[in-house]
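# Analysis of the macromolecular model
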Amino acid sequence: MVINLYQKNILTSINKKQRKKMTTYRVKIKTGNVDGAGTDAHVFLTIQGSRGTNTWVNLNDESDNDDFETGDLNTIEVQSASDLGEIKSIIIGHDNANKRAGWYLSYVEITNPDSGKTWNFIANRWLAKDEGDKKISVTLTPSSVSQLTYYKITIYTGEANDAGTDARVYMNIFGSKGSTLNLLNLDDPNDKDDFEAGNVNTIEVSAPDDLGDIQKIVIGHDNANKGAGWYLDGVRIQNLRTKKQWVFPAYRWFATDEDDGRIERTLTPGQDMVHYDYINTYPKDRENGWSEELNGVCHDESNWYFTQNGNLWKFPVKHSLNEKVTKENVSKGIYKNHYGKHLGDLDHYQEHLFVPVTDDGDPYIAVFSTKDIHTRITIQKMKLPNGKKYGGLGWVAINPKNGLLFTSAGGLSKDSPIYVYKIDLNAIKAKRTDFLTLYTQIRVVDEEGDDCVDREWMQGGCFDNDDHLHLTNGAPTRGPTGGKIYNHANRKGGITVYDIPSNLAYAPNKVVLVKVRARSNQSHDFRFQFDGYRNEPEGITYWDLDGKGAPGISGQLHVIMIDNNGTGDDDLYFKHYKKI
């Protein structure tokens, strides 16, 4: 058939009118989190509206190669030749094809973008020949609530030995409005082996009602499978509509052969937990003029401070640390003090820098003013409680909430604790050499509180704003001379976070036990990898740099690693983490 130009224009006009009549519906389908909830069958949907009915078969989420699997939230756009009006009911089901046909449907949400109206349909049931009422389709009417409430649940498994579980985890959430959300067999659809040591698993669920303030949760597991015992750091729940969050710390075993033998616990809201996501490394593999023997880092409100090969540096926060700098540049706010001795990881407090110094006789802490880093104010030689000098002095960390200074004489062990000192700023002003007074001692133990945590090659320390002490340790993988191989690349080295009591009492001869709260690892979110030939962790600082204009840098936790393999200066790897 030959179509002339006049006929073609008429057909084009008709097609445009038809397209104008088409109504798009955005359909969200949530598959449940129960065991075997996903389906490989072909899913269909019928919408029955006040102005008509339409059916779509073999629904497909183009952004998901394997849709309608356990925990999936699939979004599909379907088109109707006309607006179906007010949706009265839907029929949803599948054709029972393929081996894994049974399907646990949680809910369906349908939105008409043109009108902005949304309808919610709660199912929470099986569509399967061998489950429930054995039906593979169901008719649903709109929920009485105009909008479902979505919650994001984040579950933090600890880094204790054998902390992960292969059992089925469940949770009941209790709200202030009298409603309860019961979740069976929790499963992170993005993690094939969830709830393993160090995992941070995230699950989104919906509730037909807003639960209000979440007052408690009951969480546990069914003790099934060989590796059932579970060490849980805690749970965070966020209402995605109101953005309100609740944190439920646990730091307990859920195991019949650990702790008190319980596999279920009731948790109430408490203090925030310490967990981080790795963001980036910047600078990375960089010789920037001051990376050789780079040891320490700290900050004040607007400046970085670094210790490096006997030098003390000051850089404005907006200076790119990737830029090569070899000397002081006052016009750019860059200052350098060549002190000439080995300077460890420093910290800042009340416009003063506290710098550990070795290779200059007895180890001591030197104090500098942030206003003029060229002039040393005073020093104090460090003595152990028995009067002997420190065997090493690699780091200091000052709690900004109370001004207590923490350090150690080399590594940490049962016989080598962390020493805590009270700072006398008036003594510093008077340039006295006794500005530090021993306040108490701390021994670090593992998550369970059972065993002392040994740490060799202490490198750096810092505090966040919530009494959490962050420490780095570890030698180059093959040791400082290449002769001895140190196994520091996983649980023995990297970053460890400790929960320091906020009410530490003055007791210089007493040893207080504190527990590990987080550890860096090699494969999960909080990773600090230094498995190269001569990689070495160094200083660490906590500084919220989101939106502060620091080139290439964001997040809250910032950690130095240097690579001293090969020729030339050490290569700088500055790692950055976001607190979550």
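These lines cover the structure that appears in this document, whether it is placed above or below. (Residues numbered from 1 in each chain as written. Predicted model: local features only at pLDDT ≥ 70, side-chain atom pairs only at ≥ 80, totals over all residues. Heavy atoms only, no water.)

### Structural notes on the environment of Lys-332
- Checked against the element boundaries, Lys-332 lands in the loop between strand S20 (311–316) and strand S21 (335–338).
- Given a relative accessible area of 46%, Lys-332 falls into the partly exposed group. (Helix = DSSP H or I, 4+ residues; strand = E, 2+ residues; numbered from the N terminus. Buried < 20%, exposed > 50% of the residue type's maximum accessible area, 1.4 Å probe, protein only.)

### Observations concerning the sheet that holds strand S32 (residues 468–473)
- The 8 strands are arranged S27-S28-S29-S30-S34-S33-S32-S31 in an open sheet whose pairing can be described as mixed. Of all strands in the sheet, those with a lone pairing partner are strand S27 (396–398) and strand S31 (458–463), marking the two edges. Between one strand axis and the next, the sheet turns through 35° on average, direction left out of account.
- In this sheet, S32 lies alongside S31 in antiparallel orientation, the contact comprising 5 bridges. Residue pairing in the sheet places Met-458 in a bridge with Asn-473 of S32. (Pairing = 2+ DSSP bridges. Axes fitted to C-alpha atoms, helices over the stretch in contact; angles between N-to-C directions.)

### Considering the environment of Gly-158
- Along the chain, Gly-158 turns up in the loop between strand S9 (149–157) and strand S10 (169–175).
- The buried category is assigned to Gly-158, whose relative accessible area is 0%.
- Along the backbone, Gly-158 and Arg-519 are 361 residues apart, and their C-alpha atoms lie at a distance of 8.5 Å.
- With residues near it in sequence (within four places) discarded, Gly-158 still touches Ala-163, Ala-197, Gly-198, Tyr-231 and Asp-233. (Contact = heavy atoms within 4.5 Å.)

### Some words on the pairing of S20
- Counting buried residues in S20 gives 5 out of 6 residues, a clear majority hidden from the surface.
- Summarising the sheet, strand S19 (residues 303–308) and S20 pair through 6 bridges and their orientation is antiparallel. By the bridge assignment for S20, Gln-308 is matched with Asn-311.
- Note: S20 against S21, 4 bridges, orientation antiparallel. Paired with Lys-314 across the strands is Tyr-335, a residue of S21.

### Structural notes on the pairing of strand S15 (residues 245–254)
- Most of S15 sits out of view: 7 of its 10 residues are buried.
- Relative to S15, strand S14 (residues 230–239) is paired through 8 bridges, and the arrangement is antiparallel. Within the sheet, the bridge partner assigned to Ile-237 lies in S15 and is Trp-246.
- Hairpin connection, S14 to S15: the antiparallel pair is bridged by 5 residues, and Lys-243 has positive phi, about 70°.

### Overview of the pattern of salt bridges
- Summed over the entire model, instances satisfying the criterion amount to 23 salt bridges.
- Here Asp-213 ties to Lys-244 by a salt bridge, and the two come within 2.6 Å at their closest N and O atoms. With Asp-213 in the loop between strand S12 (200–207) and strand S13 (214–221) and Lys-244 in the loop between S14 and S15, this residue pair connects regions lying 31 residues apart in the sequence.
- Taking the relative accessible area as the measure of exposure, Lys-244 reaches 40% and is therefore partly exposed. (Salt bridge = Lys/Arg side-chain N within 4 Å of Asp/Glu carboxyl O.)

Remember that the coordinates give geometry; whether it matters functionally is a separate question.
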